[in-house]
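Residue-level structural notes
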Amino acid sequence: MVFSPCIIIPIYNHGRTITATVAQLTAYQYPILIVDDGSDAQTQATLATLAASCDLVTLYRLPQNRGKGAAVVHGLMQAHALGYSHGLQIDADGQHAVTDVPRFMAAGQHSPQAVISGKPVYDDSVPRGRLYGRYVTHVFVWLETLSFEIQDSMCGFRLYPLAAVQRLLAHTRLPERMDFDTAIAVRLAWQGVRFVNLPTRVVYPQDGLSHFDLWHDNVRITKMHTRLCLGMLWRLPLLLARKLLPASLKQPASGTDTHWSSTPERGSRLGMAVLLASYRWLGKPVARLMLYPIVFYFFLANQAARRSSRLYLQRLSQSSSQPIAHGNWAVFRHMLTFAGSALDKFSAWIGDIPSERVTLHGLEHLALAEQSAAGQGALIVSAHLGNIEMARALAVQRKLTINAVVYTEHAQRFNALLAKSSSDFGVNLLQVSQFGPDTAVMLKEKVEQGEMVVIMGDRTPPAENGRIVSADFLGHPAAFAQGPWILASLLECPVYLMFCVPGPLEHHIFLEPFAERVLLPRKERQRAVADYAQRYAHRLEAYCRQYPLQWFNFFNFWK
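To start, this report covers the structure provided alongside it. Model, not experiment: these values are computed from the prediction.

Considerations on the nonpolar core
Counting 66 residues, the largest nonpolar core has L379, L385, F473, F480, W485 and L540 as the members making the most contacts within it. Not counting residues up to four positions away in its chain, the partners in contact with L540 are A383, L385, D458, F473, F499 and W551.

Put into structure tokens, the structure is as follows:
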């Protein structure tokens, strides 16, 4: 997504303050869309002068006053039609801190699929009745969304991703007056849009003009919350499911255009705890049965994950000697297998899968144990295929110390729950935010002590400037990370590939030697990295063909 924002100002009779507000905003050189909501003649004249004198300003006029919500919606629709990606809503009366505009824009560029919502920081000018009344709405919103993600739904200082707003407006009629800000926030949250809350100063000028009608607007807000609470009840399975499913199945419909690391961990710790409690008290078969209606809903609702799964299965079928199903039933089974992998993680870490039920394939694991006993570790490159937690059984059987490298920004709640369920979890979990010299030194020390380091090879780095290399995967070029092969050359140790897949009665670990040493000659470094990545991609292909539903990258891997 190309970040192309504009500013949207709804206005009704704020002729005295709009000129100063626009003058401050023009310093940032963003296009400004002003929507006149049927203002008086004096305000209209002021706006006409502004539009004529400032190239950044485009003026729209509603023939009669319809309400703040109607004006904002008109501005959002016009902005989308003009090709802007985001619209920053800001009031015309000077309440909002214009100096925070760069902060909102920066946050929007960093999280383009999210709503960047102002969280007011008030001074003594705020009327106490308005301040305390907001908390009533806060509680209702937390109930209506089953989340604390929206910290202030009434603030009119907000950056919207216009594609998400357009999808909402295509099938939903929003209220047009003071109940608009809360209603659109809740309904966007129902769509799965994430909120980022940004503290911002809000003032109430002594001579400020307020259009809040104490009686009529409170009645409107009460009716709105009644409708939203009823809407929450029939959406309850969806809202609860979002707290149970892995994040990759919960991205917005536009998620295929985003990097995998931009998909946030959406499940709450409470929701995940419910899943674990069901597993413990009702048994694994019952817990798996509970996944069917949840996954079926997301199969219907999540176009992005469904499309990505079908693309993967189609390309897998096209590149295989035997046809592989890639219709709706196969896509549903793919999603269900992924959701069920969460239960397998629980099984592994609470000890329900003993090492005796895990079969090690190949004799290479014997050499691995001998290396470890001699004080020589190794680098193991794996993939998001099957259940990597089965490596715990390998560690137990062969008395190895296996360290898994994970990124700190992802699956924190899920990992915290696993840590609570097992005292062993996290002992050999190396959480990093990005690779650097310090990380490489730490991992080299682990290897020199005879320990094993496991890293995934089938996802590119979270950092936008991360190093990638192209390799053919299922007949099409795809981006792979250079990191595993650069790290292997720095560690100067043997490299193995490992793939762990479940079976009906037992689980399987496939461990195979990849390179005694990874060598990256300075003059041919890029070609050597590409060769290693291609060899890895070919082996991953082989396991995907053998276990087609076990590869869990629910995003456009070939983008």
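Observations regarding the environment of P484
In this fold, P484 is placed in helix α18 (residues 483-491). Judged by relative accessible area, P484 falls into the buried class, the value being 2%. Spatially, the C-alpha atom of P484 lies 6.4 Å from that of G457, the residues being 27 residues apart in sequence. Apart from residues no more than four positions distant in its own chain, P484 is found in contact with L379, V381, I455, M456 and G457.

As for the sheet that holds strand β7 (residues 195-202)
As summarised here, the arrangement of the seven strands in space is β3-β2-β1-β4-β6-β5-β7, forming an open sheet in which the pairing is mixed. The open sheet terminates on both sides in strands that have one partner only, identified here as β3 (57-62) and β7. On average, each strand axis in the sheet is tilted by 25 degrees relative to the strand beside it, whichever way the strands run. Alignment of strand β1 (residues 5-11) against strand β4 (residues 86-89), held across four bridges, turns out to be parallel. Residue pairing across strands places P5 opposite H86, the latter belonging to β4. Helix-sheet contacts for helix α2 (residues 41-53) involve β1, β2 (32-37) and β3, and the interaxial angle to β3 is about 150 degrees. Helix α4 (residues 101-110) contacts β1, β4, β5 (115-122), β6 (158-161) and β7 of the sheet and is inclined by roughly 145 degrees relative to β5.

Observations regarding the environment of R177
Looking at the secondary structure, you find R177 in the loop between α6 (162-169) and α7 (180-190). As a C-alpha pair, R177 and K68 span 109 residues in sequence and 5.0 Å in three-dimensional space.

Some words on the packing of helix α3 (residues 68-81) against α6
Put simply, α3 and α6 touch, their axes get as near as 10 Å, and they point 120 degrees apart. Between α3 and α6, the crossing angle belongs to the class labelled oblique. Along this stretch, α3 crosses α6, giving a crossing that reads as left-handed. Residue-level inspection shows V73, L76, M77, A79 and H80 of α3 in contact with α6, the latter providing L162, A163, V165, Q166 and L169. Here the contact of α3 with α6 is composed, by residue class, of eight nonpolar, two polar and no charged.

Side note on a nonpolar patch on the surface
On the surface, a nonpolar cluster with roughly 440 Å² of combined accessible area is contributed by W281, L282, V286 and M290. At the level of elements, α10 (269-282) and α11 (284-301) are the ones that each hand at least two residues to the nonpolar patch. Here L282 lies in helix α10.

Things to note about the pairing of strand β9 (residues 378-382)
Burial within β9 is extensive, with five of its five residues counted as buried. Neither face of β9 is open: one carries A378, I380 and S382, the other L379 and V381, and all of them are buried. Bridging between β9 and strand β12 (residues 452-456) involves five bridges; their strand directions are parallel. Residue pairing in the sheet places A378 in a bridge with M452 of β12. The pairing of β9 with strand β15 (residues 495-501) spans three bridges and is parallel. In the strand pairing of β15, I380 is matched with Y496.

Comments concerning the pattern of salt bridges
As enumerated under the stated definition, the model contains 11 salt bridges in all. Two residues, R539 and E512, come together in a salt bridge whose shortest N-O distance is 2.7 Å. With a gap of 27 residues between them, R539 in helix α19 (residues 525-546) and E512 in strand β16 (residues 507-515) connect regions that are remote in the sequence. Of the charged contacts, one joins R527 and D531 as a salt bridge, the two residues approaching to 2.8 Å between their closest N and O atoms. With a gap of four residues between them, R527 and D531 both fall in helix α19, about one helical turn apart. On the accessibility criterion, R527 (48% relative accessible area) is partly exposed. Because the salt bridges share partners, they merge into one network encompassing K68, D91 and D181.

Rules used throughout
Residues numbered from 1 in each chain as written. Predicted model: local features only at pLDDT ≥ 70, side-chain atom pairs only at ≥ 80, totals over all residues. Heavy atoms only, no water. Core = buried A, V, L, I, M, F, W, Y, C linked by side-chain atoms within 4.5 Å. Buried < 20%, exposed > 50% of the residue type's maximum accessible area, 1.4 Å probe, protein only. Contact = heavy atoms within 4.5 Å. Helix = DSSP H or I, 4+ residues; strand = E, 2+ residues; numbered from the N terminus. Pairing = 2+ DSSP bridges. Axes fitted to C-alpha atoms, helices over the stretch in contact; angles between N-to-C directions. Parallel < 35°, antiparallel > 145°, perpendicular 65-115°, else oblique. Left-handed = near helix turned anticlockwise from the far one by under 90°. Nonpolar A, V, L, I, M, F, W, Y, C, P; charged D, E, K, R; others polar. Patch = residues over 30% accessible without salt bridge, like charges linked within 9 Å, V, L, I, M, F, W, Y side chains within 5 Å. Areas by Shrake-Rupley, 256 points an atom, 1.4 Å probe, with all protein chains shown as cover. Salt bridge = Lys/Arg side-chain N within 4 Å of Asp/Glu carboxyl O.

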